[in-house]
Amino acid sequence: MNERWLECLRSNRLIAAIKSPKHLEMFLNTGLQVAFLQTGNISVIKRYVDLLKEQQRFVFLHVEKIPGISYDREGLQFLAKFIKPHGIVTTKSSLVQLAKKERLMAVQRLFLVDTDAVENGIKSIHDVQPDALEIMPGLLPEMIGMIRKQTHVPIITGGLIQHENHIEAALQSGAVSVSTSRPWLWKRWGNIDREEVHARGEN
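Here we summarise the structure given alongside this text. None of the values given here were measured: they were computed from a predicted structure.

1. Regarding the pattern of salt bridges
Consideration 1: As enumerated under the stated definition, the model contains five salt bridges in all.
Consideration 2: With a closest N to O distance of 3.5 Å, Lys46 and Asp50 form a salt bridge. Placement of both Lys46 and Asp50 in helix H3 (residues 45–54) is noted, with a separation of four residues, approximately one turn of the helix.
Consideration 3: Between Lys123 and Asp127 there is a salt bridge; the shortest N-O distance is 3.0 Å. Of the two residues, Lys123 and Asp127 are both situated in helix H6 (residues 115–128); the distance of four residues between them amounts to about one turn of the helix. Each member of the pair, Lys123 as well as Asp127, is classed as exposed.

Written out as structure tokens, the structure is:
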């Protein structure tokens, strides 16, 4: 599973951060394969996850954004057994560890607010070994390369991504993929030629 997901990241280079139910259909009308789901609640989230999985998409739940899900072992067991996403996105290293025990992939989100946050985040990555790291905000390309060298974990970046040149700068700095909640970027990026996508990340 991890290998197929990483291949999707390397192929698409863009992740849809879905913040509204109305954006689900917009996402499904693109060629993008990975969604970070940040909308819904405990009563509807399974329906959203099932819909995306039926369309052969990878679904990651941003646990802290879904009301009704507890941030503990029971909450992760509930997700793994009944909701069944492919993985989670979280800012909490403790949830990364719990997710891995439940055989869920885990993306740890790190906010680069100051030097201490960067140093503590890198230590946490070494300790819990998430499947990928999401760096926020996404407009700090020089930090992407530095953290990539120190962690050897696939880097996703997001936050404040508003233009295609922001995506290109992140990819050229070493990010494997970029997350954004802007549907017009999903549509544009999800339908361009795959060779063009690879070229943008390698230049």
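2. So, the sheet that holds strand E3 (residues 58–62)
Consideration 1: Taken in spatial order, the eight strands line up as E1-E2-E3-E4-E5-E6-E7-E8 and close into a barrel, and their pairing is parallel. In this sheet, neighbouring strand axes are inclined to one another by 25 degrees on average, regardless of whether the strands run parallel or antiparallel.
Consideration 2: Bridge analysis of strand E5 (residues 105–111) against strand E6 (residues 132–136) gives five bridges, and the strand direction is parallel. Residue pairing in the sheet places Val107 in a bridge with Ala132 of E6.
Consideration 3: Helix H1 (residues 2–12) contacts strand E1 (14–18), strand E2 (34–37), E3, E5, E6, strand E7 (155–158) and strand E8 (177–180) of the sheet and is inclined by roughly 95 degrees relative to E3.

3. Quick notes on unusual backbone geometry
Consideration 1: The residue after Met136, namely Pro137, is reached through a cis peptide bond having omega -10 degrees.
Consideration 2: When you line up the elements, Pro137 lands in the loop between E6 and helix H7 (141–151).
Consideration 3: With a phi close to 70 degrees, Arg13 is a non-glycine residue in the positive phi region.
Consideration 4: Mapping Arg13 onto the fold places it in the loop between H1 and E1.
Consideration 5: The phi dihedral of Lys84 falls on the positive side, at around 60 degrees, and the residue is not glycine.
Consideration 6: Here Lys84 is to be found in the loop between helix H4 (73–83) and strand E4 (87–90).
Consideration 7: The class of Lys84 is partly exposed, set by a relative accessible area of 43%.

Rules used in this analysis
Every chain is numbered independently, its residues counted from 1 as its sequence is written. This being a predicted model, a pLDDT of at least 70 is required before a residue's local features are given, and a value of 80 or more before pairs of side-chain atoms are given or counted; all residues contribute to the totals for chains, interfaces and linings. Excluded from the side-chain calculation are hydrogens and water; included are all heavy atoms of the structure. Criterion for a salt bridge: a side-chain nitrogen of Lys or Arg within 4 Å of a carboxyl oxygen of Asp or Glu. Note on conventions: DSSP H or I runs of at least 4 residues are helices, E runs of at least 2 residues are strands, and numbering of each starts at the N terminus. Here the term buried applies to any residue with accessible area under 20% of the maximum for its type, exposed to any over 50%, and partly exposed to those in between, with areas from a 1.4 Å probe on protein chains only. Two strands make a pair as long as DSSP finds a minimum of two bridges between them. In this analysis an axis means a line fitted to C-alpha atoms, helices contributing only their contacting stretch, and an angle means the value between N-to-C directions, from 0 to 180 degrees. Note on contacts: a residue pair is in contact if any heavy atoms of the two residues lie within 4.5 Å.

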